[in-house]
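# A look at the structure
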Amino acid sequence: MSQKTTASHSREGSRENGLAVRAAAARALTPVITGKGSLAGLDDHQVVARDRGLFKALCFGACRTLPRLDALAGKLLVKPFKDRDADVQALLLLGIYQLLYLRIPAHAAVGETAGAARLLGKEWATRVLNGCLRRLQRESTELQAEVDQDPAVALLHPQWWLETLRQAWPDDWQAICDANNTPGPMTLRINHRHGDREMYLERLAAAGIEARLCAHAPDGLTLETPRDVEALPGFSEGHVSVQDESAQLAAVLLGPSLAPRPGSRVLDACCAPGGKAAHLLEQFDIDLQAVDSDAERLAHVEDTLTRLRLSATLAEGDATVRDWWDGAPFDAILLDAPCSGSGVIRRHPDIKRLRRPSDISRLAELQARLLDNLWPLLRPGGTLLYATCSVLPEENAEQIDRFLARTPEAIVTTPDDMTWGRASGAGRQLLPQPDSQDGFFYARLEKRTA
């Protein structure tokens, strides 16, 4: 076979892969834009290995910038696509995203996005997509300036999100939006059973991986550039895990209660995906029970503990009831409560589209039920740590204030001398930062002894 023929086949194969990755991304994005699903559990094995990075970049990047993509699509289309063609709409959004945000040659962004419609069984759409994207090439500056007059478009958040954040944080809401629109860094937690983070920093350097120490989490390192976990030294042996700096602070706050009490009986309620449970087991000699209502997510917790060579009692159960409890009180309880996820939007950008205003009050009611159900399971003198990955006071400071008002035996022990976050009611609030931690809230309570 001649070199010319080989090169031709290589280009053809590359184009086929380009069509396939865009079609796969459109299929993944369709449930998000129709409000019927999320990017949770996104399977990148449906595309060839070399395209998996692009596949994720397309899916998450399009979700992150969806308000602007939607607005531009509305300008480019003569009339909206029918509901049954939401996958074609997704392709258009992906094409716009590539032209505006990715360093992909324009001819590939246009041609391979339009051509991917054939893989969706909608060849008729190739001409429409091609025309819309070529118009965007010609009129990009004008069209963006026009749609960006809407703050929801310019700040890449639905209007209700902007209003909610502005009310909660009048001096910080725009910075929160900016952080939400920036992909979060990849932060590691070092397993102290295999050495400290300074030692692991040397291992990373030897592997050509740049990292820096986290400012607040004593076991944390942040990579300068994210990479596949399999490239991390000792990952499969359990020497290191991926966990944001904010999430690592749970062990810091529970440490004073657990360190002097070997064998402490600890409950991790709503434990999935298991990072905080694993961190506690790495740090302390405790008897841990981990409960979650989702069997599939609980299986992930078991996989995590197995990789780290740790053990805990896992139970599938609803933490608003007690049918999983054996009746013995706990010395400490970690309640990592279900929440809006408003502090981790940068990692789960589909939250901006899928969450609804009514969800906040519904989640606050669930959090209150969890607190009221779990508090009696704590022994007198024991500690409950309430945590959310939210920045909304209704789920955080206001939630704990309401709990304290109806629970006279609860004493606030949240430290006020921490170098991280800010005082917020009875707890401490971290806001998302572009180069460091996610948004998180913690409140530590002790049960008064008789």
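In this text, all values refer to a predicted model and were calculated from it rather than measured experimentally.

### A few points about the overall build of the protein
Helix and strand counts for the protein come out as 16 helices and 13 strands. Here the protein has a C-alpha radius of gyration of 24 Å; the compact-globule value for 450 residues is 22 Å, and the two agree. Looking at the protein as a whole, 53% of its 450 residues qualify as buried. Where the 52 positive side-chain charges of the protein centre and where its 60 negative ones centre are 6 Å apart.

### A word on the packing of helix α11 (residues 245–258) against helix α12 (residues 275–283)
For the pair α11 and α12, interaxial distance at closest approach is 9 Å and the crossing angle is 40°. Here α11 is positioned oblique relative to α12, judged by the angle of their axes. In the packing of α11 onto α12, the handedness of the crossing is right-handed. Listed contacts from α12 to Ala-247, Gln-248, Ala-250, Ala-251, Leu-254 and Leu-258 of α11 are Lys-276, His-279 and Leu-280. Partitioning the contact of α11 with α12 into residue classes produces six nonpolar, two polar and one charged.

### Focus on the packing of aromatic side chains
Per the counting criterion, the structure on display carries seven aromatic pairs. Pairing Tyr-386 with Phe-441 gives two aromatic rings, centres 6.3 Å apart and planes at 70°, and the pair type is edge-to-face. Placement of the pair is Tyr-386 in strand β9 (residues 378–388) and Phe-441 in strand β13 (residues 440–447), with a sequence separation of 55 residues. Of the two residues examined, Tyr-386 and Phe-441, each falls in the buried class. Relative to Tyr-442, the ring of Trp-420 lies with its centre 6.1 Å away and its plane at 75°, an arrangement referred to as edge-to-face. Here Trp-420, found in the loop between β10 (410–412) and β11 (422–424), pairs with Tyr-442, found in strand β13; they are 22 residues apart in sequence, far enough to count as distant. Both residues of the pair, Trp-420 and Tyr-442, count as buried.

### What about the pattern of salt bridges?
Inspection of the entire model under this criterion finds 23 salt bridges. For Arg-118, the salt bridge is made with Glu-123, and the minimal N-O distance between the two is 3.6 Å. Among the ionic pairs, Asp-438 bridges to Arg-346, the shortest N-O distance being 2.7 Å. Here the residue Asp-438 occupies a position in the loop between β12 (427–430) and β13, and Arg-346 occupies one in the loop between β8 (330–336) and α14 (351–354), the gap between them amounting to 92 residues.

### Structural notes on a negative patch on the surface
A cluster of acidic residues, Glu-365, Glu-394, Glu-398 and Asp-401, forms a negative patch at the surface. Among the secondary structure elements, Asp-401 is positioned in helix α16 (residues 397–406). Residue classification places Asp-401 among the partly exposed residues on the basis of a relative accessible area of 41%.

### Details of the side chain of Asp-268
Within the secondary structure layout, Asp-268 lies in strand β5 (residues 264–269). Summary of buried charges: Asp-268 has no salt-bridge partner, and the nearest side chain of opposite charge, Lys-276, is 7.5 Å away.

### Focus: the environment of Thr-65
Along the chain, Thr-65 falls in the loop between α2 (52–64) and α3 (66–76). Spatially, the C-alpha atom of Thr-65 lies 39 Å from that of Gln-283, the residues being 218 residues apart in sequence.

### What to know about the confidence of the model for the protein
On average, residues of the protein score 94 in pLDDT, and 97% of them reach the 70 mark or higher. Between residues 6–10, whose pLDDT stays under 50, and residues either more than four places distant or in other chains, the model counts two contacts.

### Some thoughts on the packing of helix α5 (residues 106–115) against helix α6 (residues 125–147)
Between α5 and α6, whose axes approach to 8 Å, the crossing angle comes to 155°. By the angle between their axes, α5 is roughly antiparallel relative to α6. Handedness of the crossing formed by α5 with α6: right-handed. Residues Ala-106, Ala-109, Val-110, Thr-113, Ala-114 and Gly-115 of α5 lie in contact with α6, whose contacting residues are Thr-126, Leu-129, Asn-130, Leu-133, Arg-134 and Gln-137.

### Let's talk about the environment of Arg-197
Counting through the fold element by element, Arg-197 comes out in helix α10 (residues 197–206). With a relative accessible area of 13%, Arg-197 lands in the buried category. Spatially, the C-alpha atom of Arg-197 lies 40 Å from that of Arg-362, the residues being 165 residues apart in sequence. A distance of 3.2 Å separates a polar side-chain atom of Arg-197 from the backbone oxygen of Cys-214.

### Points about the pairing of β5
Where burial is concerned, most of β5 is hidden: six out of the six residues are buried. By the alternation rule, side chains of β5 split into Ser-264, Val-266 and Asp-268 and Arg-265, Leu-267 and Ala-269, which are all buried. Both β5 and strand β6 (residues 286–292) contribute to a ladder of six bridges, which runs parallel. Paired with Arg-265 across the two strands is Asp-287, which belongs to β6. Taken together, β5, α12 and β6 form a β-α-β motif whose crossover is right-handed. One ladder, built from four bridges, connects β5 with β8; its direction is parallel. Bridge assignment links Leu-267 to a residue of β8, and that residue is Ile-333.

### A few points about unusual backbone geometry
Each neighbour pair has its own omega, and for Ala-272 with Pro-273 the value is 10°, a cis peptide bond. The residue Pro-273 is located in the loop between β5 and α12 in this model. The phi torsion at Leu-156 lies on the positive side, around 60°, for a residue other than glycine. Tracing the sequence through the fold places Leu-156 in the loop between α7 (151–154) and α8 (159–168). With phi around 60°, Arg-309 is a residue other than glycine that occupies positive phi space. Among the secondary structure elements, Arg-309 is positioned in the loop between α13 (295–307) and β7 (313–316). You can call Arg-309 exposed: its relative accessible area is 56%.

Analysis parameters
- The residue numbers shown here count from 1 along each chain, following its written sequence.
- In keeping with the model being predicted, local features are shown solely for residues with a pLDDT of at least 70 and side-chain atom pairs are shown and tallied solely at 80 or more, while totals for entire chains, interfaces and linings include all residues.
- Where side-chain values are given, they derive from all heavy atoms of the structure, hydrogens and water being excluded.
- Secondary structure is summarised from DSSP: a helix means a run of H or I of at least four residues, a strand means a run of E of at least two, and numbering begins at the N terminus for each.
- Throughout, the radius of gyration refers to the C-alpha atoms, and the reference size of a globule is 2.2 Å times the residue count to the power 0.38.
- Burial here depends on accessible area, computed with a 1.4 Å probe over protein chains only, as a share of the maximum for the residue type. Under 20% is buried, over 50% is exposed, and the range in between is partly exposed.
- Neither His nor the chain termini are counted; the positive set is Lys and Arg, and the negative set is Asp and Glu.
- Each charge is placed at NZ for Lys, CZ for Arg, CG for Asp and CD for Glu.
- Helix axes are fitted to C-alpha atoms over the stretch in contact, other axes to C-alpha atoms as well, and angles between N-to-C directions run from 0 to 180 degrees.
- Working definition: roughly parallel below 35 degrees, roughly antiparallel above 145 degrees, roughly perpendicular at 65 to 115 degrees, and oblique for all remaining angles.
- Left-handed describes a crossing whose near helix is turned anticlockwise from the far helix through less than a right angle; right-handed describes the clockwise counterpart.
- A contact between two residues is defined here by any heavy atoms of the two lying within 4.5 Å.
- Only Asp, Glu, Lys and Arg are considered charged in this grouping, and only Ala, Val, Leu, Ile, Met, Phe, Trp, Tyr, Cys and Pro are considered nonpolar; every other residue, Gly among them, is considered polar.
- When the centres of two rings from Phe, Tyr and Trp lie within 6.5 Å, Trp using its six-membered ring, the rings pair. Their planes under 30 degrees apart give stacked, over 60 give edge-to-face, and anything left gives tilted.
- Every case where a carboxyl oxygen of Asp or Glu lies within 4 Å of a side-chain nitrogen of Lys or Arg is listed as a salt bridge.
- Within the patch definition used here, like charges are joined within 9 Å and nonpolar side chains (Val, Leu, Ile, Met, Phe, Trp, Tyr) within 5 Å, considering only residues with over 30% relative accessible area and no salt bridge.
- To be clear on the numbers: accessible area is Shrake-Rupley with a 1.4 Å probe, and residue cover counts the displayed protein chains and nothing else.
- Values of pLDDT, the confidence the predictor places in each residue, fall between 0 and 100.
- Counted as a polar contact is a pair of N or O atoms within 3.5 Å, where, for protein atoms, one must be capable of donating a hydrogen and the other of accepting one, and residues adjacent in sequence contribute only when both atoms are in side chains.
- At least two DSSP bridges between two strands are needed for those strands to be called paired.
- The handedness of a crossover follows from its direction of travel: if, with the strands pointing away from the viewer, the path from the first strand over the helix to the second runs clockwise, the crossover is right-handed.

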